[in-house]
Number of protein chains: 2
Amino acid sequence: MEIIKRHTDYALRALAYLALHANQVVTAGEIAESQEVPLEFLQKILQRFVKSGMVKSHRGAQGGFSLAQEPAEITVLNIVEVMQGPVVMNRCLLGKNGCPRAPKCPLKKSWIDMEEKIAAYMSGITLQDLVDELRAIK
Amino acid sequence: MEIIKRHTDYALRALAYLALHANQVVTAGEIAESQEVPLEFLQKILQRFVKSGMVKSHRGAQGGFSLAQEPAEITVLNIVEVMQGPVVMNRCLLGKNGCPRAPKCPLKKSWIDMEEKIAAYMSGITLQDLVDELRAIK
DNA sequence: CTCAATCTGGATTAAACTTGTCCTGAATAG
DNA sequence: CTATTCAGGACAAGTTTAATCCAGATTGAG
C-alpha cells in the first residue's frame, strides 16, 4: 500500500531542487540529471505545477523553471495534491453525494478523521523545511 | 488519492458482518447479499482471511465462515494489511535495502513517522468497535 | 534574422494493478 | 448420494502508472 506515487516523489524532488536554487532559473534537464528522473516525464510533471501557479516557466534559450512562491509557502500537501488529488481514505468519501451506504458505514467518521490528520501532517512540512534538511544532511 | 481499495472496503464490511454474527456460521452468499459485494469476488477475499487465520471456513452443506478470533482482537490495521500489505508512504521505504537515495532524502523521517501514525490509528479500531457503532446507528 | 535551446501539449504505449468472472474440484451435512 | 458450500487456478476487461515520442511555439544569442 504505497501512498505516494512515483510521479509525486519526482515532483517533491524537483520542487525541493528548485527551492534549493531559489531565485534561479533551472532547466528541466538539470533537475532531471541531478534528481535521476526521466527528463520527458519530469517535463510533464513540471507543466502541472506551472498550471497550478506554484512554478514559473521561462521559455526559449536560457529558459527553465523557477519557484513562483517562497519555499516556506509551499507545503508537501500542496505538491501531493497537485499530483494525486485530495487525500481521501475511501472512494466513498469522494464526490458530493458519496456512497449510498454512508449512513450505515461504521468507519466513515474514522476515515474522515484520518484524512484530516494526514493532510495536517503534510501541510506542516514546507519546501523550506526540505531545503533545511538537505543542507543539514550534506 | 484513495488509500483504501475496494477489496479492502469489501473485506472490512464482510468481517464486520461476521463480527455482528459472532459464533455463527455465515455463508459467503449471505454476506455478499447483505453487504452488496459481488459473491465470487468476496469468496476470494474471504479465502485470504482464512489463510491469515482470522477467519475459519466450514466446507460442505450448511458450511460458511466465522471469525476465528474475538472481534475485539481484530483491528482495522490487521484487515487492511491482509488486503493491501503494510502501510508504506513511499515505495522507497519498502524492502530491506530501500532506495539508494535514502541517505539524501529529506522526507524519509517524515514518511516513516506518518506511516507509524496511520498504522497506530488503524490499530486503535477493532471489529468490536465497528459492531458497537453499527448497533448504535441502527 | 537565424539558429539552437527550451518549454508546450497532444498522441501513443507497455506494464502493472484493480476489479472482477468462470470453471473445475473437494468436502460435508443430511 | 447429492445438493450445498468452500478452494484454487485461469482468464479478462478496464483503469492507472509511468513513461516516450514528436511536432510546434518561444526566445536569447550571435
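Refer to the structure above for everything that follows.
All figures in this text were calculated on a predicted structure; none of them were measured in a lab.

Calculation notes
- Residues numbered from 1 in each chain as written.
- Chains lettered and ligands numbered in written order.
- Predicted model: local features only at pLDDT ≥ 70, side-chain atom pairs only at ≥ 80, totals over all residues.
- Heavy atoms only, no water.
- Helix = DSSP H or I, 4+ residues; strand = E, 2+ residues; numbered from the N terminus.
- Polar contact = N/O pair within 3.5 Å; in protein donor to acceptor, adjacent residues only side chain to side chain.
- Least-squares fit on C-alpha atoms with pLDDT ≥ 70 in both.
- Contact = heavy atoms within 4.5 Å.
- Phe/Tyr/Trp six-rings, centres within 6.5 Å; stacked < 30°, edge-to-face > 60°.
- Buried < 20%, exposed > 50% of the residue type's maximum accessible area, 1.4 Å probe, protein only.
- Arc of directions from axis to C-beta.
- Buried area = accessible area lost by both parts, 1.4 Å probe.
- Salt bridge = Lys/Arg side-chain N within 4 Å of Asp/Glu carboxyl O.
- Near = heavy atom within 4 Å.
- Nonpolar A, V, L, I, M, F, W, Y, C, P; charged D, E, K, R; others polar.

Visitor: Just checking my understanding: could you explain the side chain of A:His21 for this structure?
Guide: Topologically, A:His21 is positioned in the loop between α1 (6–20) and α2 (28–35). Only 2.9 Å separates the side chain of A:His21 from the backbone oxygen of A:Tyr17, close enough to count as a polar contact.

Visitor: Please explain the relation of the copies chain B and chain A as it appears in this structure.
Guide: Superposing the two chain copies requires a rotation about an axis and a translation along that axis. The two copies are related by a screw motion: chain B maps onto chain A through a turn of 180° and a shift of 0.0 Å along the axis, at an RMSD of 0.1 Å. In short, the pair behaves as if placed about a two-fold rotation axis. Closest to the rotation axis within chain B is the C-alpha of B:Ile3, separated from it by 3.3 Å. A symmetric contact is evident, with 100% of the interface residues of chain B recurring at the interface of chain A.

Visitor: Please clarify how the environment of B:Phe49 should be interpreted in this entry.
Guide: All names here are of chain B. In this fold, Phe-49 is placed in helix α3 (residues 39–52). The sequence separation of Phe-49 and Leu-67 amounts to 18 residues, and the corresponding C-alpha distance is 9.3 Å. Other than its neighbours up to four places away in sequence, Phe-49 contacts Ala-11, Leu-15, Met-54, Val-55, Ile-79, Val-82 and Met-83.

Visitor: Can you walk me through the packing of aromatic side chains in this structure?
Guide: Given two aromatic rings, their pairing is described by the distance between the two centres and the angle made by the two planes. Residue and element names in this part refer to chain A. Tallying each qualifying case throughout the model produces two aromatic pairs over all chains. Ring plane angle 85° and centroid distance 5.8 Å describe the contact between Tyr-10 and Phe-41, whose orientation is recorded as edge-to-face. Here Tyr-10, found in helix α1, pairs with Phe-41, found in helix α3 (residues 39–52); they are 31 residues apart in sequence, far enough to count as distant.

Visitor: Could you clarify how one ought to interpret helix α2 (residues 28–35) of chain B in this entry?
Guide: Note on helix geometry: an α-helix contains 3.6 residues per turn, so any two residues three or four positions apart are oriented the same way. Residues and elements named next belong to chain B. Of the positions making up α2, those classed as buried are Ala-28, Ile-31, Ala-32 and Gln-35. Down the axis of α2, the smallest arc covering the buried residues is 100°, so these residues share one side. Looking at the packing, one finds that the buried side of α2 touches α1 (6–20), α3 and β3 (64–67). Directly after α2, the chain includes Glu-36, whose backbone phi takes a positive value near 55°.

Visitor: Any chance you could explain the interface of chain B and chain A here in plain terms?
Guide: Where interface size is quoted, it is often the accessible area lost as the parts come together. Taken residue by residue, the interface counts 43 residues in chain B and 43 residues in chain A. Roughly 4000 Å² is buried in total at the junction of chain B and chain A, and carbon and sulfur atoms are behind 62% of that figure. The largest per-residue losses of area from chain B upon contact with chain A belong to B:Met1, B:Arg101 and B:Tyr121, which jointly make up 20% of the total buried on that side. Linking chain B with chain A are six salt bridges, by the criterion used here.

Visitor: I tried to follow the environment of A:Gln24 on my own but got confused; where do I start?
Guide: Residues and elements named next belong to chain A. Note that Gln-24 resides in the loop between α1 and α2. The partly exposed category is assigned to Gln-24, whose relative accessible area is 41%. It is 20 Å that separates the C-alpha atoms of Gln-24 and Glu-133, two residues lying 109 residues apart in sequence. Residue contacts for Gln-24: discarding those within four places in its chain leaves Phe-65 and Ser-66.

Visitor: Explanation requested: the protein's contact with DNA strand D in the structure shown.
Guide: Near DNA strand D you find 28 residues, and of these A:Arg6, A:Tyr10, A:Glu40, B:Lys44 and B:Ser57 are the closest. Backbone atoms, meaning sugar and phosphate, form 63% of the atoms of DNA strand D found within 4 Å of the protein. At a separation of 3.1 Å, a phosphate oxygen of DNA strand D approaches a polar backbone atom of B:Ala28. B:Gln47 is positioned such that a nitrogen or oxygen atom in its side chain is 3.3 Å from a base nitrogen of DNA strand D. Considering each element in turn, the surface near DNA strand D owes the most residues, four residues, to α3(B). Residues that form the surface near DNA strand D fall into these classes: seven nonpolar, 12 polar and nine charged.

Visitor: How should I be thinking about the protein's contact with DNA strand C in this particular structure?
Guide: Close contacts around DNA strand C come from 26 residues, with A:Lys44, A:Ser57, A:Arg91, B:Arg6 and B:Glu40 the closest. Protein-adjacent atoms of DNA strand C, using a 4 Å cutoff, are sugar or phosphate at a proportion of 64%. One of the backbone N or O atoms of A:Ala28 is found 3.1 Å from a phosphate oxygen in DNA strand C. Between A:Ala61 and DNA strand C, the recorded distance is 3.3 Å, taken from a backbone N or O atom to a base nitrogen. Those elements giving two or more residues to the surface near DNA strand C turn out to be α3, β2 (55–58) and β3 (64–67) of chain A together with α1 and α3 of chain B. When its residues are assigned to classes, the surface near DNA strand C shows seven nonpolar, 11 polar and eight charged.

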